[in-house]
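Here's the letter readout for the chains.
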Amino acid sequence: MNRLKKIKDDGWPAGVKKTKQRESVLAVLKNSDKPLSAMDIYSKIEKNGSSAWLSTVYRILELMVKKGVVIKTNIMNSEMAVYEFNRFKHKHYAVCMRCNKIIIMDNCPMDKFIPQFKDEEFSVIGHNIEIFGFCKDCK
Ligand SMILES: [Zn+2]
Ligand SMILES: [Zn+2]
């Protein structure tokens with residue numbers, strides 16, 4: 001993939017200047033095994049002692065998404081967005097409608113699904129599936 005080449009081994013996108021804040025945002029995402037909201041990232045940076053504005057975090061995230069280093073997923077009918085470090089792995093999430101907890105799904109419902117198109121020719125390259133319900137704490 002062309003996109004891969006633009007990202008260096010340490011996960012840093014080529015052509016992007018390193019700043020403390022950008023590095024902290026990426027480090028938080030790299031160290032997380034689940035997607036985080038901008039607010040989550042913001043509070044984690046605060047906890048580490050370095051400071052950043054929430055608006056700065058958003059700006060950095062948008063930049064990283066554009067560079068392909070970070071994946072943005074809209075959840076809760078696009079009311080909320082979560083971000084994760086792009087590990088080039090295919091994953092789906094289930095979202096709790098009460099506490100907004102995000103749970104990683106082990107399988108893909110599209111694995112055995114062959115989309116059919118009536119008259120159209122269409123090559124599928126990806127999909128988005130939103131699973132929602134209640135987690136075990138909210139059930
Ligand atoms: Zn819940
Ligand atoms: Zn899938």
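This is a predicted model, so every value here is computed, not measured.

This brings us to unusual backbone geometry. A positive phi angle, close to 65 degrees, is found at Asn 100, a residue other than glycine. Summarising the element assignment, Asn 100 is placed in the loop between β4 (92–96) and β5 (102–105). Note on Asn 100: 15 C-beta atoms within 10 Å, which makes it partly exposed.

One open sheet accounts for three strands, arranged β5-β4-β6; its pairing is mixed. Here the strands that pair on one side only, and so sit at the sheet edges, are β5 and β6 (131–133). Averaged over all pairs of adjacent strands, the angle between strand axes in this sheet comes to 25 degrees, irrespective of strand direction. One ladder, built from three bridges, connects β4 with β6; its direction is parallel. Among the inter-strand pairings, Ala 94 is bridged to a residue of β6, identified as Ile 131.

A separate point is the sheet that holds strand β2 (residues 70–75). Strand order in this open sheet of three strands is β1-β3-β2, and the pairing throughout is antiparallel. The open sheet has two edge strands with one neighbour each: β1 (36–37) and β2. Sheet topology note: the β1/strand β3 (residues 80–85) ladder contains two bridges and is antiparallel. Bridge assignment links Leu 36 to a residue of β3, and that residue is Tyr 83.

This part is about the domain arrangement of the protein. On domain assignment, one finds that the protein holds domain 1 (1–89) and domain 2 (90–139). For domain 1 versus domain 2, the distance between C-alpha centres works out to 22 Å. In this complex, domain 1 contributes seven residues to the contact, which on the side of domain 2 involves eight residues.

In contact at an axis separation of 10 Å, helix α2 (residues 20–30) and helix α3 (residues 38–47) are set at 110 degrees when each is read in the N-to-C sense. Considered as vectors, α2 and α3 are oriented roughly perpendicular to each other. Between α2 and α3, the residues in contact are Ser 24, Val 25, Val 28 and Leu 29 and Ile 41, Lys 44 and Ile 45, respectively. Of the residues that constitute the contact of α2 with α3, the class distribution is five nonpolar, one polar and one charged.

Core analysis: the biggest nonpolar cluster contains 17 residues, and Val 25, Leu 29, Ile 41, Val 57, Leu 61 and Tyr 83 have the highest contact counts within it. Taken together, the elements giving at least two residues each to this core come down to α2, α3, α4 (54–66) and β3. Leu 29 has contacts with Leu 36, Ile 41, Val 70, Tyr 83, Glu 84 and Phe 85, leaving out every residue within four places of it along the chain.

What counts, and at which threshold
Residues numbered from 1 in each chain as written. Chains lettered and ligands numbered in written order. Predicted model: local features only at pLDDT ≥ 70, side-chain atom pairs only at ≥ 80, totals over all residues. Helix = DSSP H or I, 4+ residues; strand = E, 2+ residues; numbered from the N terminus. Buried ≥ 20, exposed ≤ 12 C-beta atoms within 10 Å, placed from the backbone. Pairing = 2+ DSSP bridges. Axes fitted to C-alpha atoms, helices over the stretch in contact; angles between N-to-C directions. Domains from an automatic or database assignment. Contact = placed C-beta atoms within 7 Å. Parallel < 35°, antiparallel > 145°, perpendicular 65-115°, else oblique. Nonpolar A, V, L, I, M, F, W, Y, C, P; charged D, E, K, R; others polar. Core = buried A, V, L, I, M, F, W, Y, C linked by C-beta atoms within 7 Å.

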